[in-house]
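# Working through the structure, step by step
Residues per chain, in single letters:
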Amino acid sequence: MNKYDAVIVGAGFSGLYMMHRLRERGLSVQGFEAGSDVGGTWYWNRYPGARCDSESLSYSYSFLPELDQAWHWPERYSEQPEILKYINHVATTLALREHFEFNTRVSSASFETTTNTWCVGTEHGEQLTARFLIMATGCLSMPNWPKIAGIDDFRGERFHTGLWPHDGVDLRGKRVAVIGTGSTGIQSIPRIASQAEELFVFQRTANHCVPAHNSPMDAEAEQAYKSRYAEMREAARRSMSGDVVREAYINIMDLGDAELHEELDRTWALGGFYTQYPYTDLLTSHEANERVAEYSCNHIRSRVRDPRVAELLCAKDHPFATKRLCADSFYFETFNESHVHLIDLKATPIHAIEAAGVRTSERLHEVDVIVFATGFDAMTGALTRVDLQGTQGQMLREVWQQGPVNYLGLGVAGFPNLFTVTGPGSPSVLTTMVSSIEQHVEWIDECMDWMGNRGATRIEATPDAQTKWVDYVNQSGNATLFPEANSWYVGANIPGKARVFMPYVNGLNIYRDQCDAVADEGYTGFEIS
Ligand code: NA7
């Protein structure tokens, strides 16, 4: 059986950087990736309109300053092919591909207490051992196919946005159903509408949405950013959001109606997360939140001609930004087109999928194609699908049945030498992902280096540190409005999943300091031997 210092699972932004760091220190590392090439999220999500909702100049690695200067991002927010091109370039330049085995899922891993190593198995039956197992498997990588009766009876074609065919799908002249109106639905629906002969959008819950205001990259702004890149990167590292936006400096409840309106006009004109980050009380005060939600709905009402449709598109069942805020590019205007129909599943739920289309309580909608924009088993799905077995033979999926537990979002008691990159209990999805990924990868690498220098072979979160961390993460989350929404943040999109608010809400800056303090104090909360 081949023996390695580490196994890395996943070749997205996380796995590639992890591989680079460990290889740079001369460790022997084997990577596995389910896809046929690198890219992770940006490899799989090739649906029409797939675009990052963090700005291009900040959504990239910060450890390649020369590439920062040389790389040109054509748009303010990058489309999937541009990001994949960047990741491919990095993988080629740093010669990372050769350390990964592609088209290969890791299916099992069990910890051997006698040797302090992980025995890792793949779906192809390979077995190998490694001192460390690093799960760089992403937060949104396990597609969710809803359990709708008759789904296999459908005669037409069906696609999940997160598993979109590499050579695209020709929707011209077709009658298309899109099920789901989260970020993915909202990005893809305008593009699909531009091709389809007829489009039926099946909406279960209207989502809060802000304009993206994507545009070609402004040459002057790009130059100005590049001239201060190092400073921008440092500011991002020290921020709550992992991005260079001004944060938490306005209290909504301190503003009168006219002032607030003017303020929201300003942030709506900037678009994207600029509409969320400036406000201190947006996610803690119902009253503040409702004022913003009302402004947002009025924005929608001004863009959609049919008042009945406009009302259906206004999110009313959860506070603003407590589900992942969606960034739209002409989403609402799409419903002004005569071939686009909005079906309100609250009024007329889907009963079944039949050979000819989607049957709601009202009627059969005959279609040629069904697009499932139904999201992911987020944050835990990619970890619990692997048979990860700890020191007592326990499976991670059993340990996490009532919700994920871990320490710092990095390590799990009973699973020594296992690290999760951007695991639940870390800031991850509430930040610009690449910033959080880099923080985790660097922390893990430094920890492994520290252990190596001391001849330590085993590190494990203590149950006590884990309990305290989980309580702290839960309490912090519960002090906000986030848990009120039936979002993937709380696992509500997956039937039977425990309802726990999973991300860490206090910001990347505070989190980073906490992780650094743990390391500086000799990895308190971990047992090292
Ligand atoms: P999301 O945000 O989880 O959205 C999934 C959508 O699919 C959402 O509107 C769901 O409605 C809907 N859905 C899920 N299951 C069903 C069933 N059974 N019937 C009808 N509608 C359903 O996933 P996305 O892919 O859009 O975005 C995921 C993240 O990727 C995003 O937040 C960004 O961070 C990138 P619901 O709201 O649950 O009622």
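Note: the structure precedes this text.
What this report covers is the structure whose coordinates are included nearby. From a predicted model like this one, the values you see are computed outputs, not experimental measurements.

### Examining the site of the ligand
In the region of the ligand, 18 residues are neighbours, and Thr181, Thr184, Arg204, Thr205 and Lys323 sit closest. At 3.0 Å, a backbone N or O of Ser183 approaches an oxygen atom of the ligand. For the ligand, an oxygen atom lies 2.4 Å from a polar atom in the side chain of Thr205. Protein coverage of the free-state accessible area of the ligand, which is 770 Å², stands at 86%. Here the shell around the ligand is composed, by residue class, of seven nonpolar, eight polar and three charged.

### Quick word on the sheet that holds strand β16 (residues 369–372)
Overall, parallel pairing links the five strands, which are arranged β7-β16-β8-β9-β12 in an open sheet. In this open sheet, the two strands that pair with only one neighbour each are β7 (157–160) and β12 (340–344). Strand after strand, the sheet turns through a mean of 20° between neighbouring axes, direction not considered. Both β7 and β16 contribute to a ladder of four bridges, which runs parallel. Bridging from a neighbouring strand, Arg158 pairs with Ile370 of β16.

### Topic: the sheet that holds strand β13 (residues 350–354)
With antiparallel pairing, the three strands of this open sheet are ordered in space as β13-β14-β15. Pairing within the sheet leaves two strands with one partner each, and these edge strands are β13 and β15 (364–366). Recorded for the sheet is a direction-independent mean angle of 20° between the axes of neighbouring strands. Bridge count between β13 and strand β14 (residues 357–360): four bridges; the pairing is antiparallel. What sits directly across from Ala352, in β14, is Arg359.

### Thoughts on the pattern of salt bridges
If you walk through the whole model with that rule in mind, you get 35 salt bridges. Measuring nitrogen to oxygen at the nearest pair gives 3.4 Å for the salt bridge that ties Arg25 to Asp449. A residue pair is termed long-range when its members are at least 10 positions apart, and Arg25 in the loop between α1 (13–24) and β2 (29–32) and Asp449 in helix α14 (residues 433–454) qualify at 424 residues. Taking the relative accessible area as the measure of exposure, Arg25 reaches 29% and is therefore partly exposed. By relative accessible area, which is 29% here, Asp449 ends up partly exposed. Here Arg97 makes a salt bridge to Asp37, at a shortest N to O gap of 2.8 Å. Of the two residues, Arg97 sits in the loop between α4 (80–93) and β3 (100–101) while Asp37 sits in the loop between β2 and α2 (41–44), which places them 60 residues apart along the sequence. Look at the salt bridges and you will find they share partners, linking Arg21, Arg25, Asp445, Glu446 and Asp449 into a network.

### Some thoughts on the packing of helix α8 (residues 257–270) against helix α9 (residues 286–303)
In helix packing, the relevant descriptors are the interaxial angle and the interaxial distance, both defined with respect to the helix axes. Contact geometry for α8 and α9: axes closest at 11 Å, N-to-C directions at 60°. As summarised for this structure, α8 and α9 are arranged oblique, according to the angle between their axes. Seen from above, α8 lies across α9 with right-handed handedness. Where α8 abuts α9, its residues Asp257, Leu260, His261, Leu264, Asp265 and Trp268 lie against Arg291, Val292, Tyr295, Ser296 and His299.

### Notes on the layout of surface pockets
The probe, sized like a water molecule, is rolled over the atoms to show the empty space still left. Estimates place the volume of the second largest pocket at around 580 Å³. Together, 29 residues line the second largest pocket, and Met240, Gln276, Leu283, Phe482 and Val505 are the ones closest to its centre. Considered class by class, the residues forming the lining of the second largest pocket number 17 nonpolar, ten polar and two charged.

### Digging into the pairing of β16
Residues of β16 alternate between two faces, with Val369 and Val371 on one and Ile370 and Phe372 on the opposite face, all of them buried. Here strand β8 (residues 175–179) runs beside β16; their pairing, made up of four bridges, is parallel. Bridging from a neighbouring strand, Ala177 pairs with Ile370 of β16.

### Some details on the side chain of Thr374
Within the secondary structure layout, Thr374 lies in the loop between β16 and α12 (381–384). At 2.7 Å, the side chain of Thr374 and the backbone oxygen of Asn144 are in polar contact. Residues within four places of Thr374 in sequence aside, it is in contact with Asn144, Trp145, Pro146, His160 and Ile179.

### Points about unusual backbone geometry
A positive phi is found at Met379, a non-glycine position, where the angle reads about 70°. Among the residues examined, Met379 registers a relative accessible area of 3% and is labelled buried. One non-glycine residue, Thr422, lies in positive phi territory at about 55°. Among the structural elements, Thr422 can be located in the loop between β18 (418–420) and α14.

### Re helix α7 (residues 229–237)
Each α-helix winds once per 3.6 residues, and so residues spaced three or four apart point in a common direction. For α7, every residue scored as buried is listed here: Tyr229, Met232, Arg233 and Ala236. All buried residues of α7 lie within an arc of 100° about the axis, which places them on one face of the element. Tucked into the core, α7 has its buried residues touching α3 (65–70) and α6 (219–227).

### A closer look at the packing of aromatic side chains
The final tally for this structure, using the stated rule, is 38 aromatic pairs. A centroid spacing of 6.3 Å and a plane angle of 40° characterise the contact between Tyr61 and Tyr86, whose relative ring orientation is tilted. Of this pair, Tyr61 sits in the loop between α2 and α3 while Tyr86 is found in helix α4, placing the two residues 25 residues apart along the sequence. What makes Tyr61 buried here is its relative accessible area of 1%. In this structure Tyr86 comes out as buried when scored by relative accessible area, which is 2%.

### Concerning the packing of α1 against α14
Running from amino to carboxyl end, α1 crosses α14 at an angle of 30°, the nearest separation of the two axes being 9 Å. The angle between α1 and α14 places the two elements in the roughly parallel class. The handedness of the crossing between α1 and α14 is right-handed. The segment α1 lies against α14, with Phe13, Ser14, Tyr17, Met18, Arg21 and Leu22 engaging Val434, Ile437, Glu438, Val441, Glu442, Ile444, Asp445, Glu446 and Met448.

Parameters at a glance
- Residues numbered from 1 in each chain as written.
- Predicted model: local features only at pLDDT ≥ 70, side-chain atom pairs only at ≥ 80, totals over all residues.
- Heavy atoms only, no water.
- Near = heavy atom within 4 Å.
- Polar contact = N/O pair within 3.5 Å; in protein donor to acceptor, adjacent residues only side chain to side chain.
- Areas by Shrake-Rupley, 256 points an atom, 1.4 Å probe, with all protein chains shown as cover.
- Nonpolar A, V, L, I, M, F, W, Y, C, P; charged D, E, K, R; others polar.
- Pairing = 2+ DSSP bridges.
- Helix = DSSP H or I, 4+ residues; strand = E, 2+ residues; numbered from the N terminus.
- Axes fitted to C-alpha atoms, helices over the stretch in contact; angles between N-to-C directions.
- Salt bridge = Lys/Arg side-chain N within 4 Å of Asp/Glu carboxyl O.
- Buried < 20%, exposed > 50% of the residue type's maximum accessible area, 1.4 Å probe, protein only.
- Parallel < 35°, antiparallel > 145°, perpendicular 65-115°, else oblique.
- Left-handed = near helix turned anticlockwise from the far one by under 90°.
- Contact = heavy atoms within 4.5 Å.
- 1 Å grid on protein atoms, 1.4 Å probe; cavity = no way out; pocket = protein on both sides within 12 Å on 5 of 7 lines; lining within 4 Å.
- Points joined across faces, edges and corners; volume = space filled by probe spheres on them.
- Arc of directions from axis to C-beta.
- Phe/Tyr/Trp six-rings, centres within 6.5 Å; stacked < 30°, edge-to-face > 60°.

Geometry only, nothing functional implied.
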